[in-house]
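Listed here are the chains, written in short residue letters.
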Amino acid sequence: GQQVMQIPQYQHVQEGEDFTTYCNSSTTLSNIQWYKQRPGGHPVFLIQLVKSGEVKKQKRLTFQFGEAKKNSSLHITATQTTDVGTYFCAAKTSYDKVIFGPGTSLSVIP
Amino acid sequence: NAGVTQTPKFRVLKTGQSMTLLCAQDMNHEYMYWYRQDPGMGLRLIHYSVGEGTTAKGEVPDGYNVSRLKKQNFLLGLESAAPSQTSVYFCASSYGSSSKQFFGPGTRLTVL
């Protein structure tokens, strides 16, 4: 069945370094959403991508949807300690199901 | 506007006991979801509802039942709890199937 993979599973960075997480699907997606979960908290919606090749920015965060609509990435420029958490992609297929990836856990060393 | 609330926040059960988790939303959302979150597994969908009176199975429905008698409430039941059901349970709601999901604060359940 449908699978959504995320890499890496964990990432430790020095504060100020950049960070990227990748989300890959085995099938073409209708859209993809990204969520952030702080330690001990609940997932919070960040953004949704719908169009092939779409790029969206939120301050230091850049989100990209692949041309084939099978993959996506989240890039954080110059990480800060407030970026700590787990980042999930959520992929929506044409069958109206949303599948969450396993997440990438980001640690930022001050 | 409380968003999505969950009751209780924590619970410890013995194997074989039953319990119901309550989720409530005040955003008039049609869609509601129950997920479980285990380390390294992300969020796995247990059951979901596309409107009042409807429910459907998700990825991991076995051992759970749900009901959506009122639009604002979505109940998750464990009839006979097992240690494998030890997890953090999140409820979420959304306006539509493609809309962003709003999550509740979670319920941490331990089954001994």
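Please refer to the structure higher up on the page.
So, how was this worked out
- Residues numbered from 1 in each chain as written.
- Chains lettered and ligands numbered in written order.
- Predicted model: local features only at pLDDT ≥ 70, side-chain atom pairs only at ≥ 80, totals over all residues.
- Heavy atoms only, no water.
- Disulfide = S-S within 2.5 Å.
- Helix = DSSP H or I, 4+ residues; strand = E, 2+ residues; numbered from the N terminus.
- Buried < 20%, exposed > 50% of the residue type's maximum accessible area, 1.4 Å probe, protein only.
- Contact = heavy atoms within 4.5 Å.
- Buried area = accessible area lost by both parts, 1.4 Å probe.
- Salt bridge = Lys/Arg side-chain N within 4 Å of Asp/Glu carboxyl O.
- Polar contact = N/O pair within 3.5 Å; in protein donor to acceptor, adjacent residues only side chain to side chain.
- Pairing = 2+ DSSP bridges.
- Axes fitted to C-alpha atoms, helices over the stretch in contact; angles between N-to-C directions.

**Considerations on the state of the cysteines**
By definition, a disulfide links the sulfur atoms of two cysteine residues through a covalent bond. Under the definition given, this model contains two disulfides over all chains. Each sulfur of the disulfide joining Cys 23 of chain A and Cys 89 of chain A lies 2.0 Å from the other. The sign of the 70° torsion about the S-S bond sets the Cys 23 of chain A-Cys 89 of chain A disulfide as right-handed. Taken as a pair, Cys 23 of chain A in strand β3 (residues 19–25) and Cys 89 of chain A in strand β9 (residues 85–92) lie far apart in primary sequence, 66 residues in all. As far as the burial class goes, Cys 23 of chain A and Cys 89 of chain A line up, both buried. Disulfide partner of Cys 23 of chain B: Cys 91 of chain B, at an S-S distance of 1.8 Å. Across the S-S bond linking Cys 23 of chain B and Cys 91 of chain B, the dihedral sits near -75°, which makes this disulfide left-handed.

**Describing the interface of chain B and chain A**
Taken together, the contact pairs 17 residues of chain B with 18 residues of chain A. When the two sides are added together, the surface that chain B and chain A hide from each other amounts to roughly 1,400 Å², 55% of it contributed by carbon and sulfur. Summed over the three residues of chain B that lose the most area to chain A, namely Leu 43, Ser 98 and Phe 103 of chain B, the buried surface amounts to 31% of that side. Between chain B and chain A we count zero salt bridges in total. Taken together, the connections running from chain B to chain A amount to five residue pairs in polar contact (both at pLDDT 80 or more). Broken down by secondary-structure element, the contributors of at least two residues to the side of chain B that touches chain A are β4 (31–38) and β5 (42–49) of chain B.

**What about the sheet that holds strand β1 (residues 4–7) of chain B?**
Residues and elements named next belong to chain B. The strand order across the open sheet formed by four strands is β1-β3-β8-β7, and the pairing between neighbours is antiparallel. The sheet is open, and its two edges are formed by β1 and β7 (64–67), each paired on a single side. In this sheet, neighbouring strand axes are inclined to one another by 20° on average, regardless of whether the strands run parallel or antiparallel.

**Describing the environment of Lys 36 of chain A**
Residue and element names in this part refer to chain A. Inspection of the secondary structure puts Lys 36 in strand β4 (residues 31–37). With 24 residues separating them along the chain, Lys 36 and Arg 60 place their C-alpha atoms 14 Å apart. Once residues within four sequence positions are removed from consideration, Lys 36 is found in contact with His 42, Pro 43, Val 44, Leu 46, Thr 82, Asp 83, Val 84, Thr 86 and Tyr 87. A distance of 2.7 Å separates a polar side-chain atom of Lys 36 from the backbone oxygen of Thr 82.

**Some details on the environment of Asn 31 of chain A**
If you trace the backbone, Asn 31 of chain A turns up in strand β4. A residue is classified by how much of its surface remains accessible, and Asn 31 of chain A, at 4% relative accessible area, is buried. In the structure, Asn 31 of chain A is positioned 76 residues away from Ser 107 of chain A in sequence and 27 Å away in space, judged by C-alpha atoms. Residues within four places of Asn 31 of chain A in sequence aside, it is in contact with Gln 48, Leu 49, Val 50, Phe 65, Ala 90, Ala 91 and Lys 92 of chain A together with Ser 98 of chain B.

**Brief notes about the sheet that holds strand β8 (residues 71–76) of chain A**
Residues and elements named next belong to chain A. What the five strands build is an open sheet, ordered β1-β3-β8-β7-β6; its pairing is antiparallel. Two strands in the sheet have a free side with no partner beyond their single neighbour: β1 (4–7) and β6 (55–58). Neighbour-to-neighbour, the strand axes of this sheet turn through a mean angle of 15°, independent of strand direction. In terms of strand pairing, strand β7 (residues 61–65) meets β8 through five bridges, oriented antiparallel. When the sheet's bridge partners are listed, Phe 65 is paired in β8 with Ser 72.

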